[in-house]
Structures are given as structure tokens and as C-alpha cells.
Amino acid sequence: MALMPYRPKDTAWWQVLGDAGFWLMPIVSITGALLLSLIYIPGLPALTIHWPALVMIYWACYRPQWQPTGLVFVAALLCDLLSGTSLIGITALIAVLITTILRSQNKLFLALPFWADWIIISFCIFIWRGFEALAQGLLLGTWPGASVWFTSAFVSALAFPLVALVLSPLRRAAFRF
Amino acid sequence: MSLKFRQFALIAIPLRSAVAQISVGLLLLSALVLMFVARTHADVFSGLRMSLTRMADPVLIAAQEPVEMVESWFGNLQTVAVMQMENKALREELANLRQWHAEAVRLDAENRSLRALLQMKQPHEITSTGGAVLADNGTSFGHSVIVSVPEDFKLRRGLVAMTGDGMVGRTVDVAPGTGMARVLLLDDPVSRVPVMLESTKARAILAGQSNGALLLEHLPGEAAPLVGERILTAGDDGVLPSGLPLARITRIDGDRIWAAPIAPLNRLDWLRLVDFGTINTLAKPNFQAP
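Throughout what follows, the structure given in this document is the object of discussion. None of the values given here were measured: they were computed from a predicted structure.

Overview of the packing of aromatic side chains
All names here are of chain A.
(1) Moving on: This structure, assessed with the given rule, holds nine aromatic pairs over all chains.
(2) Moving on: Centroid distance tyrosine 58 to tyrosine 62: 4.9 Å. Interplanar angle 45 degrees. Geometry classified as tilted. A residue pair is termed a helical-turn pair when its members lie 3 or 4 positions apart in one helix, as tyrosine 58 and tyrosine 62 do in helix α2 (residues 51-62) at four residues. In terms of burial, tyrosine 58 and tyrosine 62 fall into one category: buried.
(3) Moving on: A centroid spacing of 6.3 Å and a plane angle of 45 degrees characterise the contact between tyrosine 58 and phenylalanine 160, whose relative ring orientation is tilted. A residue pair is termed long-range when its members are at least 10 positions apart, and tyrosine 58 in helix α2 and phenylalanine 160 in helix α7 (residues 146-176) qualify at 102 residues.

What follows is the structure in C-alpha cells.
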């Protein structure tokens, strides 16, 4: 509640609704990312950008108060269910772990220049994909090729500035409202 | 007031921190339990998966329109020269197919007479339908697609998904009455199909490797696989008919035999779902006293 803009007691209903809107931003953006990851474009490899991971990481770094850990868990679980992976819960496990670490460093991310944030976040995306590959190898007995793992993580890391570009006006809207 | 607040803060702040830490621990534990349950009871999540997919269905269908529009733009960019070349190739293929058609008619007649001779029961009626590929998972190393078929088609798990080239996967989750099915493609890491080599009929298991490659496992030592050789379904599992082309051997590294799917799995626009029914075709012997 601390991150909600301060409102006096006689706040109008539309302003209260606006406050609720800020809390909805992560939910809506993660849902959008989930659907985006499902859209099928023939000819493009399926293992491309991990949109839900990027959005969850973004909110964990810059607005952790808007994205409770429970929301991360549910969103990641939906991601597993919709993606058809046989390891249901793996994304939830990794997402909760990584976002918990990132949200604790929220002040650092706000203080550092964006390029430094990008490097740290790229590293996290590589770890995210690495954990997924490790879990798959250990539990299913099939190790994904290094090129698949690297390409997927690299392309996702490259796409992070785009996610930041789209979500940063939403994040900053809290200060202007 | 301030003393009470201070006393409250002394308890509340560490309590909140402890609850936050415990909740993270509980969520991690829940994720681990889910992974275990999903591995042992995969069916539990099947219905939930298809319900979620149905909810996402309108968005996916709407998203297909711009994709198809862009595809058609690129299609229109084909030059006349390319079309002429294609036309020539198609004419040659047509002539070739006419010859094969005549051969197929002859073989069909021969097959019918042999079946009658062996008193073979007619195989289960084969039903099939076509469907558009709506979605592809892009968040994990697995590979499956969502297919939308006519709602009146009787969907069930284990239907064979095919393209014109051959088999590409099997339905694993279905939402009966909605026309939505999830097809597990051959290169998914959990995909295992009993297969045989085309030349020697040596049996093996075709395992998905998640990067578009397939690995031939448990091939007998005496089998002599050849690079370029086709891999067909063996039909030993009683689910798939034998003889469906699946893949082609691409590389042999000692004991490891690599194959590539016969159809491009990342360019699937349409799929045909085929219900081969039961595979047992031999009738009970009908011995009669002379």
C-alpha cells in the first residue's frame, strides 16, 4: 500500500479506481506477454523470446510492490500450463527464485544506469534459461543443445530494452497521476 | 499513542518480514510438489490446460489474421519467373503422380483380393480432419502446437497429426466438443515413438531432443542404418499404424544416430488429425469341419 499515491480521505472514486489501475498493470502486462508468447508465426522457431519472463523481471526490478510473489507464482504456472511443457511448475520455481532476488535489489536497479541494469538482467535471463535446461536434462533425461539454450537466452536478453520501453511509461504514470 | 504504535511496530515489522520469507518458501515448495505431481499424474492437468487454451482461443484466432495477411503479402511478392518454374515442376510432378495413381489402383485391387483370401477383417474406419495451427509454445524447451479443427470431429488423445510429408506428432490434450487439441510434436523431449528403419525393418525408439533433432534409441547392433534412410512407424505400440513416414537419418556419430523430421516442424500451417482406430486387423480364425 505504501507505493500507492497519497490520497486524502475524501478522495474521489475515479482516483481510487486509478490507484487500482496501477496494481492491475503487472497483471495486464504479464497476461499480454503470455498471449504474445503463444502467437504462432510459421517459419519462426518456437524457442525465441521469453516475454513473460522479461515482464516479470521488469516489474521485480523497478516496481516490486506492484507485483507480489504470489502473482509471479500464478503467472509462471499459467505460463507452464499454456506452453504445454511436461515440467509443470518449473517456470514457477525459477520465476519465484529470480524475482525474489531481484526485488530485494530494487533500489540498486533504480540507481544504476539502464545499460548496467540490462547487463545484470541479461545475466538473470541466462540463469533462468540455464535452470530450465538443467531441470529438463535431469528430470526428462534430454539435454537441450547449447545453441538452443544460448539463442533463446540471448534473443530474450536483446528484447529487454523493448519491454522496458513499453512498460516504463506505465511505471512512471504513478508519479504523474 | 506513540508508545502503542512503537510496540506494534516492534512486533509487526519482523512479523511481516517473516511472513514474506515463509510465503516465498511455501511457493517454492508448492512449485516442487507441482512438478512431482505433474510428472506422476499428467492427466490431472490435461483438462485445466485445455480450459486455459480455450480462454486464450479468441485472442489467438484474432492474432492469426495479421500474421496471415503478412504471409499473403510475402506470397504475392513471388515473381512470374518463380511461378513459371513452379508450374513446370508441378506439371512434371503431375505426370509422375498419374503413373503412381495407376499403380495404386492396381495395388488396391490386389490388396482387396488378398484380404479376401486371408479372411481379414476390414480395419477400423479411418476418419480424419484438417485443422489450422493456432499457437506454438515459446517459453520452454518443449514443442507442441494447438490445433483448431471442426467442432463435430470426434477428438481423443492419441490421434496422429500429419502433413503431406508424414507424421509430425500426436494429440496429447483435447477439449472434446470445442475442436481444440494440443499436438505433441516429434521433437519434444518427452516424445517417444516406436519406429523401424525402412530398409531393414529394424525396430528402435525415436526420441525428441527439443532442438528440432531426433535421436534413434535402442537400435539393435546388427541393424545397419544409412544416412538418408527413412524412418517409419513400427506399429508395435498398438496405437499407431505401421509404415507412416516420420523422419530421415541425417548423421551417425558412433552409437548415436541422429534424424530430422520429414516435415518442417517450425513451419506448420495446417495439420491433418487422423484417427486410425484399432490396429488389430486379423479376424478370428473360422475353422469349419469339412
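Observations concerning unusual backbone geometry
Residue and element names in this part refer to chain B.
(1) Moving on: Its identity as a non-glycine residue notwithstanding, lysine 201 has a phi of 60 degrees, on the positive side.
(2) Moving on: Look at lysine 201 and you get partly exposed, because its relative accessible area is 43%.
(3) Moving on: Even without a glycine there, the phi angle at histidine 218 is positive, about 60 degrees.
(4) Moving on: Counting through the fold element by element, histidine 218 comes out in the loop between β8 (214-217) and β9 (230-233).

A look at the interface of chain A and chain B
(1) Moving on: Across the contact, 49 residues belong to chain A and 46 residues belong to chain B.
(2) Moving on: Carbon and sulfur atoms supply 68% of the area that chain A and chain B bury against each other, a total of about 4,100 Å² over both sides.
(3) Moving on: Seen at the junction of chain A and chain B, the total is zero salt bridges.
(4) Moving on: One can count three residue pairs in polar contact (both at pLDDT 80 or more) joining chain A with chain B.

What counts and how
- Residues numbered from 1 in each chain as written.
- Chains lettered and ligands numbered in written order.
- Predicted model: local features only at pLDDT ≥ 70, side-chain atom pairs only at ≥ 80, totals over all residues.
- Heavy atoms only, no water.
- Phe/Tyr/Trp six-rings, centres within 6.5 Å; stacked < 30°, edge-to-face > 60°.
- Helix = DSSP H or I, 4+ residues; strand = E, 2+ residues; numbered from the N terminus.
- Buried < 20%, exposed > 50% of the residue type's maximum accessible area, 1.4 Å probe, protein only.
- Contact = heavy atoms within 4.5 Å.
- Buried area = accessible area lost by both parts, 1.4 Å probe.
- Salt bridge = Lys/Arg side-chain N within 4 Å of Asp/Glu carboxyl O.
- Polar contact = N/O pair within 3.5 Å; in protein donor to acceptor, adjacent residues only side chain to side chain.

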